[in-house]
Amino acid sequence: MSKPTEGSAARVERTGRLARMYRRFGEVDAAGTSPLYERVAVALSESDEALRALQGVPARKRHPAVVLAALHDLALAGRAPEFAAACAAADGDAAAGAAIDTLLRMTGSVASIAARRTTRPDETGRCPVLYPAIAEAARRAGAKAVGLIDVGCSAGLSLQVDRVGITYSNGQALGDPSSPVQMTSALVGDRSLPARSMPEVVARIGVDLDPLDVTDADDMRWLRACVWPDQPERGARLEAETALAATDPPLLLHGDAVEVLPDAFARVPADALPVVTTTWALSHFPPDSRPRFLRRLEEAAVGRPVAWVSAEGVGVAPSIPTLGDRRASGHSIIGLAVLDGSTRHAEAVGRCWSRGRLLSWLAEG
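The notes below deal with the structure included here. (Residues numbered from 1 in each chain as written. Predicted model: local features only at pLDDT ≥ 70, side-chain atom pairs only at ≥ 80, totals over all residues. Heavy atoms only, no water.)

Tallying secondary structure elements over the protein gives 12 helices and 11 strands in all. For the protein, the C-alpha radius of gyration of 22 Å lies close to 21 Å, the compact-globule estimate for 365 residues. The principal-axis extents of the C-alpha atoms in the protein amount to approximately 80 × 45 × 40 Å. Within the protein, buried positions represent 53% of all 365 residues. Sequence-distant contacts in the protein: of pairs separated by 6 or more residues, those separated by 24 or more amount to 70%. Surface summary for the protein: the accessible area is close to 15,900 Å², and the carbon and sulfur share equals 50%. (Helix = DSSP H or I, 4+ residues; strand = E, 2+ residues; numbered from the N terminus. Rg over C-alpha atoms; globule rule 2.2 N^0.38 Å. Buried < 20%, exposed > 50% of the residue type's maximum accessible area, 1.4 Å probe, protein only. Contact = heavy atoms within 4.5 Å. Areas by Shrake-Rupley, 256 points an atom, 1.4 Å probe, with all protein chains shown as cover.)

What follows covers the side chain of S158. Along the chain, the position of S158 falls in the loop between β1 (145-151) and β2 (165-168). Among residues more than four places away in sequence, those in contact with S158 are R126, L130 and D150.

Along a regular strand, successive side chains alternate from one face of the sheet to the other. Burial along strand β4 (residues 182-187) is one-sided: M183, S185 and L187 are buried, and none of Q182, T184 and A186, which face the opposite way, are. Where β2 meets β4, 4 bridges bridge the pair, whose relative direction is parallel. Of the residues in β4, the one forming a bridge with I166 is M183. As judged from the 2 bridges shared by β4 and strand β11 (residues 358-361), these two strands associate in the parallel manner. Within β11, the position partnered with A186 by the bridge is L358. (Pairing = 2+ DSSP bridges.)

Further remarks concern the packing of helix α2 (residues 35-46) against helix α6 (residues 92-105). The relative placement of two packed helices is expressed as an angle between their axes plus a distance between the axes. Remark: α2 packs on α6, axes separated minimally by 8 Å, with the N-to-C direction vectors making an angle of 45 degrees. Taken together, the axis directions place α2 and α6 in an arrangement best described as oblique. As α2 runs across α6, the sense of the crossing is right-handed. Along the contact surface, α2 presents L36, R39, V40, A43 and L44, while α6 presents G92, D93, A95, A96, A99, I100 and L103. (Axes fitted to C-alpha atoms, helices over the stretch in contact; angles between N-to-C directions. Parallel < 35°, antiparallel > 145°, perpendicular 65-115°, else oblique. Left-handed = near helix turned anticlockwise from the far one by under 90°.)

Glancing now at the sheet that holds strand β6 (residues 251-254). Spatial strand order, β3-β2-β4-β11-β10-β9-β8-β7-β1-β5-β6: 11 strands in an open sheet with mixed pairing. Either end of the sheet is taken by a strand with one partner, and the two such strands are β3 (173-175) and β6. Put simply, the sheet's adjacent strands are angled 25 degrees from each other on average, direction ignored. On top of the sheet, helix α11 (residues 257-266) reaches β1, β5 (200-208), β6, β7 (273-279) and β8 (306-313); it is set at about 160 degrees to β1, its chief contact.

The subject of this paragraph is the state of the cysteines. Summed over all chains, the structure comprises 0 disulfides. In this model C87 remains outside any disulfide bridge; the closest cysteine sulfur is found in C226, 14 Å from its own. Take C226: its relative accessible area is 7%, and that puts it in the buried class. (Disulfide = S-S within 2.5 Å.)

Closest axis-to-axis distance for the helix α5 (residues 81-88)/α6 pair is 8 Å, and the angle between their directions is 160 degrees. One way to sum up the angle between α5 and α6 is to call them roughly antiparallel. Crossing hand, α5 versus α6: left-handed. Taken together, the residues of α6 that come into contact with α5 (itself represented by E82, F83 and A86) are A94, A95, A98, A99, T102 and R105. Among the residues making up the contact of α5 with α6, the classes are represented as 6 nonpolar, 1 polar and 2 charged. (Nonpolar A, V, L, I, M, F, W, Y, C, P; charged D, E, K, R; others polar.)

In this section: the layout of surface pockets. Its volume calculated, the largest pocket comes out at about 780 Å³. If you trace the largest pocket, you find 30 residues lining it, with G152, D208, W280, A281 and H284 closest to the centre. Elements with a minimum of two residues in the lining of the largest pocket: β5 and β8. Of the residues contributing to the lining of the largest pocket, the split by class is 10 nonpolar, 11 polar and 9 charged. (1 Å grid on protein atoms, 1.4 Å probe; cavity = no way out; pocket = protein on both sides within 12 Å on 5 of 7 lines; lining within 4 Å. Points joined across faces, edges and corners; volume = space filled by probe spheres on them.)

The next thing to look at is the pattern of salt bridges. Counted under the stated rule, the structure contains 24 salt bridges. Between R221 and D73 there is a salt bridge, with the nearest N and O atoms lying 3.3 Å from each other. With R221 in helix α9 (residues 217-225) and D73 in helix α4 (residues 64-76), the pair connects residues that are 148 residues apart, well separated along the chain. A salt bridge links D210 to R120, with the shortest nitrogen-to-oxygen separation between them at 3.8 Å. Of this pair, D210 sits in the loop between β5 and α9 while R120 sits in the loop between α7 (107-116) and α8 (127-141), and the two are 90 residues apart along the sequence. With relative accessibility at 29%, the residue D210 sits in the partly exposed group. Ionic contacts of the salt-bridge type, sharing partners, join the residues E136, R139, R140, R196 and E347 into one network. (Salt bridge = Lys/Arg side-chain N within 4 Å of Asp/Glu carboxyl O.)

Next up on the list: the nonpolar core. Burial of nonpolar side chains together is a common tendency in soluble globular proteins. With 52 residues, the main nonpolar core has L44, L54, F83 and V110 as its most contacted residues. At 8 residues, the largest contribution of residues to this core is made by α4. (Core = buried A, V, L, I, M, F, W, Y, C linked by side-chain atoms within 4.5 Å.)

Despite not being glycine, S319 shows a phi value in the positive range, around 80 degrees. In this structure, S319 sits in the loop between β8 and β9 (332-340). Of note in the backbone geometry, A328 takes a positive phi value of approximately 55 degrees without being a glycine. Relative to the helices and strands, A328 is located in the loop between β8 and β9.

Pasting the structure below:
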């Protein structure tokens, strides 16, 4: 019996790694959250043909979340009707078979979509965290109007923060009660949120390496494809948010935030307070870019006040206090920094969990 060649041994090892990755995704990441994707991912891990087809996807894009979103994109586009029907019926076994069949028949299409796209999970529902912090930033700066600059904006849905309605578990309500987009968040602790409203928003600017345009059908289909098919509530909320954003699309600036921020600041009217927002964006920055990002804010603040509102993991946002919390502790710090000339006041105004579904406000009113 001949020994396997070095090349074939490497292929076997790559296939084995893929199989383990897809099984872990199904049994750990999707388990309890998406029974549909749990079944599909495990089925892909057990199919030798599927694993060989996945070798045709660029190596850095073979992650199950990317490939499953690419398959979902094909389904939403009407190019994978069997997979679409199985997803609509929440039939895991049928979806598994259809996913393998689609991957084998349309390997090139799956690879092409995966190669040019980035997954966009959890892009909705951040406004309950942002609204009170932006309103507080405006109060501290004495601003009558704000220009919002969202870094890592994806489709810029958070830039609509003043146009949604938000209800908190203690009965407080902020934003627009008549908005077609209504959100909720549970308050933790005994401190209420500030009751003040945000001032007028006179600019909405999104900064991203690859922003999605809410007026582009392909971009919005991809954003929808990143929502797992058996999570209809998330899908419905995304549809409502994107429809609202499309009525007043933000200005999108492509590029690295550190390089693009000066242009973004220049587009905010002189009589408005620029408020930069980052929500779980800085963790994607190289560590040495985070202090450079802060320096960009300081440079802009030489000419006028600038505010920065952040919701980032503990210790991720430079200059924002960590309150003694441990890194990777499972929650995020809500930060507020107001910069004016050589003065910078940075404070942790709250904590949040589950991307804003639970919120604890800490700042004094």
